[in-house]
Structure formats: structure tokens, C-alpha cells
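Observations on the three-dimensional arrangement
The chain contents come next:
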Amino acid sequence: DAMVIQNPRYQVTQFGKPVTLSCSQTLNHNVMYWYQQKSSQAPKLLFHYYDKDFNNEADTPDNFQSRRPNTSFCFLDIRSPGLGDAAMYLCATKLWGRGLTDTQYFGPGTRLTVL
Amino acid sequence: SQQGEEDPQALSIQEGENATMNCSYKTSINNLQWYRQNSGRGLVHLILIRSNEREKHSGRLRVTLDTSKKSSSLLITASRAADTASYFCATDQTSGSRLTFGEGTQLTVNP
């Protein structure tokens, strides 16, 4: 089945130790999103790619970077994780274009723990 | 306060009862969407209603949109224990860009 896959599902890192989260999709969608969701809160958009065009949210910390080497893959790099970065990280995709629906398709998320 | 505020924050009902969740927003929208999230999982799209629509149905779900009041409601009829989840509204202010999520309603359906 076409889907959005996130790896790993659970990631434990140490304070200040760089970590990379992975997202892949078989939907061939042109837009990919990264959200951060803390406990009992709404998902917060960090950035998104429209094809190769990177769109950063104004309040996304510099500590967060992203790469999209091809249509299928998108990575979230946290350069120096702090305790406040512990959260669920959600990847989503969308096929954007005239006349298409605006539905986003989410992966299962990666739960990041910072020790 | 944020675009997309929901109430109640938590709702507990018995199986078979109806559940109603409300969402308010502040700016003009292109569409409004409802998503469901089971504990520790990703979000699943439930239903989308465009700004020129007033009501939409999908199975046991009924969504209304009142653009004059900048509010929407999600009704789940004949609830089941498996409906237990968090429900988020999300507004799309400019087509093709981003969604802004509300804080969500935690629904518990007791068997």
C-alpha cells in the first residue's frame, strides 16, 4: 500500500548529540511537511518542501534543518538537541495542484527522547 | 490565541451516544479539515469542508461550517469505543500551503 513511513519510530539521543529522523513516501506527492508535536498539544509546522523548494516557518529554531534529496525522502536534522526538543515528530505529504484536494497524509511519527 | 481553537478540550461519553466537538478560527479560510489521532500515532484525515460549503457527511461523521461565525463542528453519531482518540481541526488559509491545527479535543468513549 502507498504510504508515509517514518524511521525510527522511537529515537533516544543525548543532550547535544545530533540526530536525524527519516521520512519516506510511496505516494509520489510533491509536498512534504515536518511537524513537531509535544504532549497534548497541536502539531506545529516546522517547515515544508514543495518539490525542492524549502519553506521554513519563521519561528522554527535554527537547530532544526531539513533535507529532501529526492521526491521520496525527507530528513529532519536536529543539530544539538535540547531537553525541550523532546516530542513526537510527524512527517506528512500532500499532492498539491489545481483542482486537487488539500488532504495531508501523515506518517506514524517518531517519538524523540532527549536524555 | 491560536487559529483553530477547539472545545471541549476533553469529552467523555458512553458508547452509542453522539459526540460533538467545536472549532473556532480567526482568519478567512480556504477550507477546514478534521483529523483524528490515536494515542502515539500519526494523524488520519477524516473530512474536509470548503469555505463555500455549509455541511458535509461521511459515514457517522457530520461536519458543519459557519464562516460568518468562523466556527465548525464535528459530530460523531452512535459512538464506539474505537472512536476514542484526539480530534483536531485544521484550517487552510491559503490553498496549497500549510495547515494550522487547533489544540484538539480528547474524546473518550466508554464501553
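Now for a look at the structure at hand. (Residues numbered from 1 in each chain as written. Chains lettered and ligands numbered in written order. Predicted model: local features only at pLDDT ≥ 70, side-chain atom pairs only at ≥ 80, totals over all residues. Heavy atoms only, no water.)

1. So, the side chain of B:Gln37
- Residue position: B:Gln37 is located in strand 4 (residues 31-37).
- One polar contact links the side chain of B:Gln37 to the main-chain carbonyl oxygen of B:Arg41, over a distance of 2.7 Å. (Helix = DSSP H or I, 4+ residues; strand = E, 2+ residues; numbered from the N terminus. Polar contact = N/O pair within 3.5 Å; in protein donor to acceptor, adjacent residues only side chain to side chain.)

2. Section: the packing of aromatic side chains
- For the coordinates displayed, the defined rule picks out twelve aromatic pairs over all chains.
- Between the aromatic rings of A:Phe47 and A:Phe54, the centroid separation amounts to 5.4 Å while the plane-to-plane angle is 45°, which identifies the pairing as tilted.
- Note on A:Phe47: relative accessible area 0%, which makes it buried.
- We classify A:Phe54 as partly exposed; its relative accessible area is 39%.
- With a centroid separation of 6.1 Å and an interplanar angle of 75°, the aromatic rings of A:Phe106 and B:Phe101 are classed as edge-to-face. Linking A:Phe106 in strand 10 (residues 105-106) with B:Phe101 in strand 10 (residues 99-101), this pair reaches from one chain into another. This pair shows no difference in class: A:Phe106 is buried, exactly as B:Phe101 is.
- The structure contains a cluster of three or more aromatic residues connected by ring pairs, namely A:Tyr33, A:Tyr35, A:Phe106, B:Tyr35, B:Phe88 and B:Phe101. (Phe/Tyr/Trp six-rings, centres within 6.5 Å; stacked < 30°, edge-to-face > 60°. Buried < 20%, exposed > 50% of the residue type's maximum accessible area, 1.4 Å probe, protein only.)

Any functional reading would require information that these geometric values do not contain.
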